[in-house]
Amino acid sequence: MLRNGVKKLTLETSSAAIGFTSLLSAPDFLHYSRDHRSVYKVLEACRLSSDYKAASAIHARIFKLGYGTYPSLVASLVSTYLQCDRLLLARKLLDQVFRLDFNVVIVNLVIEHLMGLGEYGFAKKCFHKTPVRDVITWNLMIGGYVRNARFEEALSFFREMLDSNVEPDKFTFASVMTVCARLGAINHALWVHRLMTEKEIELNPILSSALIDMYSKCGRIQTAKEVFNSADHSDVSVWNAMITGLAAHGLLFDAIAVFSKMEVENIFPDSITFIGILTACSHSGLVEEGQKYFNLMSSRYSIEPQIEHYGVMVDLFGRAGLLEEAYAVIEAMPVEPDVVIWRALLSACRIYQKPKLGEVAIANMSRLKSGDYVLLSNMYCSMKRWESAEGVRELMKKKGIRKIRGRSWIELGGVIHRFKAGDRSHPETEGLYKVLDGLIRRTKLEGFLPQTDLVLMDISEEEKEGNLNHHSEKLALAYGILKTSPGREIMISKNLRICHDCHNWIKLVSKLLIRVIIVRDRIRFHQFEGGSCSCEDYW
């Protein structure tokens, strides 16, 4: 909506914008521009198709229609020009925002829309040009970086905010706690919680849920329980955060106890509650319990299962090796299965070597990601069907699809250290490889044999062993051992599912070094202690 007292933004155009192009005639454009939302849709189509010619024509007409100060249109135009490699035009467009009588509300909205389009770099430029920043400006930057998975940049902005004369509020802390949760950074989490207490930020259900989630994802499930026990229990989101946290740690019976307590306190569960409890069942391999809770949704609580619930049920059956039952769930679904559901089935087919059903899953997936091709290729490799696997890899090359690389990270002294498989870029590479090589020798003396059958390539056994030895979580663990005192707990986060070789190796390392080692992979937490893992080798 055009605000009173704000001048229309005179948008600069190129010579190509003087008249409409043949791609978008004036009558067509006017037909689709009954309001600014329609204009936005047309402009978004130009952005997605990188159609600079049509976008520049629309640019010339936007302010004639009275939409010159609409932040969503400004942001979309900036993004379109960036998509079309017109960096200069994008910069000029942003400069125009600051040639007006300054209005922080308009600037905040432009930042919000830029972040929504993933243009965080230009949102940052806009932020640094802003002469006056209120708490909303800071929150939009921090929250925008979080939504764009730029977590360390979000933390950097939070520190900068603390040095400014603007006090963080509840929304700021909610975003920053999400950062700590996603990074699994316990030192940062403790610092943020302490700041909240010092600044006397009153907890509401959103912040309590965020605190529980943060400590759960940082491996401190006991602290999460303490926060939950002291929180106001009137909002279902607090219960959901606790159940979801327990599920990630594989603590099914604790999750069930929390669910039972909800009933005692007359808190009505919602669809998210059941996703949490079903996930807990899936991670623990308790199929009958999962079926019971799935049926309870509609029979006792009149909650219609959604596609996410069916997805967890497919995952539940698939993990347990009941692939026919998993496929039966898909066939019986009242809604069209999405790519996530087919991916869960494909993953199970890879584990249990069911290539025909895996090919059915692939055939039904309209949007394939690199991980889907890798799952299919790995399934063929595990069955030594090298030609089929090579065919999948050739298809990936043809389509320009690259495999997602395994990455692990560890937080030490408030600094996050990241590692890739075979990484030698860390400043202390020499030291950590010495530690790693020493651990490999010790574990071999204890009888550990690398699971070379897990290296899904047709190469020599020696090459396979070398490949396994330098997985990212092993590098992160070696660095953690190098930099910490004996007996201290080590926590590592990983972007992919931990492989069986690393899992078995870390179990033995935890026994040899008498250490608690926690690994948070993409699926769940693994707490290694005394030669065993909290997942009981089921994940």
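Looking at an unreviewed UniProt entry, the protein chain carries the name DYW domain-containing protein, with the source organism given as Gossypium mustelinum.

Q: Give me the lowdown on the overall build of the protein chain, citing residues and values where you can.
A: Helix and strand counts for the protein chain stand at 27 helices and 6 strands. In the protein chain, buried positions account for 50% of the 539 residues. Of the contacts made within the protein chain by residues no fewer than 6 positions apart, 66% connect residues no fewer than 24 positions apart. Surface accessibility of the protein chain: about 25600 Å² in total, with carbon and sulfur atoms responsible for 51%.

Q: Describe the sheet that holds strand S6 (residues 532-533), naming the residues involved and giving the relevant values.
A: One open sheet accounts for 6 strands, arranged S2-S1-S3-S4-S5-S6; its pairing is mixed. One side of each edge strand has no neighbouring strand; the edge strands of this open sheet are strand S2 (415-420) and S6. Looking at chain direction, strand S1 (residues 407-412) and strand S3 (residues 490-494) are connected through 2 bridges and run antiparallel. Looking across to S3, one finds that Trp-409 is bridged to Ser-493. Those strands touched by helix H10 (residues 170-183) are S1, S2, S3 and strand S4 (517-520), and its axis lies near 110° from that of S4.

Q: Summarise helix H8 (residues 135-147); cite the residues concerned and give the values.
A: End to end, H8 covers 18 Å across 13 residues, agreeing with the expected 18 Å (1.5 Å per residue, within 8%). Within H8, the full set of buried residues consists of Thr-137, Trp-138, Asn-139, Leu-140, Met-141, Ile-142, Gly-143, Gly-144, Tyr-145 and Val-146. Against helix H6 (104-116), helix H7 (120-129), helix H9 (151-163) and H10 lie the buried residues of H8.

Q: Explain the nonpolar core to me, and be specific about the residues and the numbers.
A: With 135 residues, the main nonpolar core has Ile-111, Met-214, Phe-274, Ile-277, Tyr-293 and Leu-345 as its most contacted residues. When sequence neighbours within four positions are dropped, the list of residues in contact with Tyr-293 reads Ile-256, Phe-259, Phe-274, Ile-277, Leu-278 and Cys-281. Leu-412, Leu-439, Leu-475 and Ile-506 belong to the second-largest nonpolar core, a separate cluster that totals 31 residues.

Q: Describe the UniProt feature "repeat: PPR" (unreviewed entry) in the protein chain, naming the residues involved and giving the relevant values.
A: The UniProt record annotates "repeat: PPR" (unreviewed entry) at residues 134-168, 169-203 and 235-269. Annotation note: span residues 169-203, helix share 77%, strand share 0%, distance between end C-alpha atoms 11 Å. As annotated, residues 235-269 has a helix share of 74% and a strand share of 0%, and its two end C-alpha atoms lie 10 Å apart.

Q: Describe the packing of helix H16 (residues 271-284) against helix H17 (residues 287-299), with residues and values.
A: Packing of H16 against H17 leaves a shortest axis separation of 8 Å and a crossing angle of 165°. Our classification of the angle between H16 and H17 gives roughly antiparallel. Between H16 and H17 lies a crossing whose hand is left-handed. Contacts between H16 and H17 involve Phe-274, Ile-277, Leu-278 and Cys-281 on the former and, on the latter, Glu-289, Gly-290, Tyr-293, Phe-294, Leu-296 and Met-297. Each residue belonging to the contact of H16 with H17 can be placed in one class, and the counts come to 8 nonpolar, 1 polar and 1 charged.

Q: Tell me about the pattern of salt bridges, and name the residues and values.
A: Under the definition given, this model contains 15 salt bridges. A salt bridge links Lys-199 to Glu-167; its shortest N-O distance comes to 3.2 Å. With a gap of 32 residues between them, Lys-199 in the loop between helix H11 (186-198) and helix H12 (205-217) and Glu-167 in the loop between H9 and H10 connect regions that are remote in the sequence. Owing to a relative accessible area of 28%, Lys-199 belongs among the partly exposed residues under this scheme. The partner of Asp-501 in a salt bridge is Lys-474, with the nearest N and O atoms 2.7 Å apart. With Asp-501 in helix H27 (residues 500-512) and Lys-474 in helix H26 (residues 472-483), this residue pair connects regions lying 27 residues apart in the sequence. Here Asp-501 matches Lys-474 in class, with each residue buried.

Rules of the game
Residues numbered from 1 in each chain as written. Predicted model: local features only at pLDDT ≥ 70, side-chain atom pairs only at ≥ 80, totals over all residues. Heavy atoms only, no water. Helix = DSSP H or I, 4+ residues; strand = E, 2+ residues; numbered from the N terminus. Buried < 20%, exposed > 50% of the residue type's maximum accessible area, 1.4 Å probe, protein only. Contact = heavy atoms within 4.5 Å. Areas by Shrake-Rupley, 256 points an atom, 1.4 Å probe, with all protein chains shown as cover. Pairing = 2+ DSSP bridges. Axes fitted to C-alpha atoms, helices over the stretch in contact; angles between N-to-C directions. Expected span 1.5 Å × (residues − 1). Core = buried A, V, L, I, M, F, W, Y, C linked by side-chain atoms within 4.5 Å. UniProt positions renumbered as here; feature names shortened; annotations may be inferred. Parallel < 35°, antiparallel > 145°, perpendicular 65-115°, else oblique. Left-handed = near helix turned anticlockwise from the far one by under 90°. Nonpolar A, V, L, I, M, F, W, Y, C, P; charged D, E, K, R; others polar. Salt bridge = Lys/Arg side-chain N within 4 Å of Asp/Glu carboxyl O.

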